[in-house]
Amino acid sequence: MVLLSRSSFYFPPDDMLLRHRLLSLHSFATSFAASPPAPRPSTASFRRSLSLSARLKPANSPPPKRSAAARPPAADELVRTALFVPPGVPREEVTPDMLLSGSNIVLGPYAGHAQIKQVEFVKSSARARDCPKDDRPEFAILGRSNVGKSSLINALVRKKEFALTSKKPGKTQLINHFLINKSWYIVDLPGYGFANASQSARTDWSSFTKGYFLNRDTLVAVMLLIDASIPPQQIDLDCANWLGRNNIGMTFVFTKCDKMKGGKGTRPEENIKQFQDLISKYYKEPPPWIMTSSITGLGRDELLLHMSQLRNYWDNNELD
Ligand code: GDP
């Protein structure tokens, strides 16, 4: 079994400066990200109000019971090879029961309240600097157009048509903030890779969204959505690589995992395996990943638990 280490991102030999920076970062923050060529927020700017962090102390909750119904067929074969082990869990004490179903994610003591009780749309921003200005942590949901991003957000918040993204290339692209339980944000980012997008629309997406990633102090991690019903796409690999190289923590969220049988193409499990093989060029061990379906609800609760441990760790870490 290979567990994630602080230097989990692979660097070419000539990239010593980046490697040095990586090793000096905190182990959890770097366990799923690469070293930053761009400046990141200072430690001081990470300081949070005591009241917010007090609400988000780790709950020491036990790992959830794995329900047979929620378990995707044969997913366990994929899970064993490389695990994401969060802080607070001694590696040698990891047991199969601690794994979130259909993922490589170990659930640790920072996992806490995960259910969504309340959600409100806060604002759409045309520029990164127009995003809400407060200290609440946030997760960006990112993926190729048609990957199932709106469907996943709707499934997470259990509301139909809550997230409606523009399907037309070239239309104004916005960053949408949804406030969850009045304490953290889900951020719906414009999809990339519209088949018919003009070069200028692509460039817009790129500078606009990259600006958000590089300047958003409160970004805990990116949920990078990958369509598991089709073979790996170069544009997704490029996106993952860019995020990794810029030290943006990410989780691969495989969508449409209900499309298990039949069809002409390859099965989700094969596509996921292929994607991971390709990604392994860049990572010594892969970042966290999880299988989901917005149709069956597969992976929904598990993804929320994973987000809760990232969020709670992020918040507590800032008080150190
Ligand atoms: P977006 O462009 O990324 O926001 O993608 P949408 O959420 O609009 O979904 C694109 C298409 O994929 C739609 O036809 C959805 O019905 C379909 N879709 C989304 N999620 C799933 C899923 O989990 N399983 C299956 N089978 N289809 C899905």
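In the block above lies the structure referred to throughout.
Below or above, wherever it landed, is the structure these notes cover. For clarity, every value in this text was computed on a predicted model and none was experimentally measured. (Residues numbered from 1 in each chain as written. Predicted model: local features only at pLDDT ≥ 70, side-chain atom pairs only at ≥ 80, totals over all residues. Heavy atoms only, no water.)

To continue, consider helix α7 (residues 234-245). A rise of 1.5 Å per residue sets the reference length of α7, with its twelve residues, at 16 Å; its end C-alpha atoms lie 16 Å apart and thus fit the reference within 8%. What α7 keeps buried is the set Asp-236, Leu-237, Cys-239, Ala-240, Asn-241, Leu-243 and Gly-244. (Helix = DSSP H or I, 4+ residues; strand = E, 2+ residues; numbered from the N terminus. Expected span 1.5 Å × (residues − 1). Buried < 20%, exposed > 50% of the residue type's maximum accessible area, 1.4 Å probe, protein only.)

What follows is about the pattern of salt bridges. Counted by the stated rule, this structure contains eleven salt bridges. With a closest N to O distance of 3.0 Å, Lys-273 and Asp-277 form a salt bridge. Pair noted here: Lys-273 and Asp-277 are both in helix α8 (residues 268-279), with a separation of four residues, about one helical turn. Look at Lys-273 and you get partly exposed, because its relative accessible area is 41%. Through salt bridges with shared partners, a single network forms among Arg-267, Glu-269 and Glu-270. (Salt bridge = Lys/Arg side-chain N within 4 Å of Asp/Glu carboxyl O.)

What follows deals with the sheet that holds strand β4 (residues 138-143). With mixed pairing, the seven strands of this open sheet are ordered in space as β3-β5-β6-β4-β7-β8-β9. Unpaired on one side and paired on the other, β3 (119-125) and β9 (289-291) mark the two borders of the sheet. Taken pair by pair, the neighbouring strands of this sheet meet at an average axis angle of 25°, ignoring direction. Where β3 lies against strand β5 (residues 175-180), six bridges are found, and the strand directions are antiparallel. Of the residues in β5, the one forming a bridge with Lys-123 is His-177. (Pairing = 2+ DSSP bridges. Axes fitted to C-alpha atoms, helices over the stretch in contact; angles between N-to-C directions.)

Quick look at the site of the ligand now. Taken together, 15 residues lie around the ligand, and Lys-149, Ser-150, Ser-151, Asp-258 and Ser-294 are the ones closest in. Within the backbone of Val-147, one N or O atom sits 3.2 Å away from an oxygen atom of the ligand. Measuring from an oxygen atom of the ligand, one finds a backbone N or O atom of Gly-148 at 3.0 Å. Isolated, the ligand exposes 580 Å² of accessible area, and the fraction of that covered by the protein chains is 76%. Classifying every residue of the shell around the ligand by side-chain character gives two nonpolar, seven polar and six charged. (Near = heavy atom within 4 Å. Polar contact = N/O pair within 3.5 Å; in protein donor to acceptor, adjacent residues only side chain to side chain. Areas by Shrake-Rupley, 256 points an atom, 1.4 Å probe, with all protein chains shown as cover. Nonpolar A, V, L, I, M, F, W, Y, C, P; charged D, E, K, R; others polar.)

Take unusual backbone geometry next. Unlike most non-glycine residues, Arg-158 shows phi in positive territory, near 55°. Residue position: Arg-158 is located in the loop between α5 (149-157) and β5. With relative accessibility at 59%, the residue Arg-158 sits in the exposed group. Although it is not a glycine, Lys-182 sits at a positive phi angle of roughly 55°. Tracing the backbone through its elements, the reader meets Lys-182 in the loop between β5 and β6 (184-188). A relative accessible area of 44% places Lys-182 in the partly exposed class.

A few words now on the side chain of Ser-125. By the element assignment, Ser-125 lies in strand β3. There is a polar contact of 3.4 Å between the side chain of Ser-125 and the backbone oxygen of Asp-130. Leaving out residues up to four positions away in the same chain, Ser-125 has contacts with Asp-130, Cys-131, Pro-132, Gln-173, Leu-174, Ile-175 and Phe-208. (Contact = heavy atoms within 4.5 Å.)

Of all six residues in β5, six are buried, a share of seventy percent or more. Residue alternation in β5 divides its side chains into two sets, Ile-175, His-177 and Leu-179 and Asn-176, Phe-178 and Ile-180, and both sets are buried. Note that β5 and β6 share five bridges and pair antiparallel. Bridging from a neighbouring strand, His-177 pairs with Val-187 of β6. Linkage of β5 to β6, two consecutive antiparallel strands, is achieved through a turn of three residues, within which Asn-181 is found at a positive phi near 50°.

Counting through the fold element by element, Leu-142 comes out in strand β4. Put simply, Leu-142 and Val-187 are 45 residues apart on the chain and 8.7 Å apart in space, counted from C-alpha to C-alpha.

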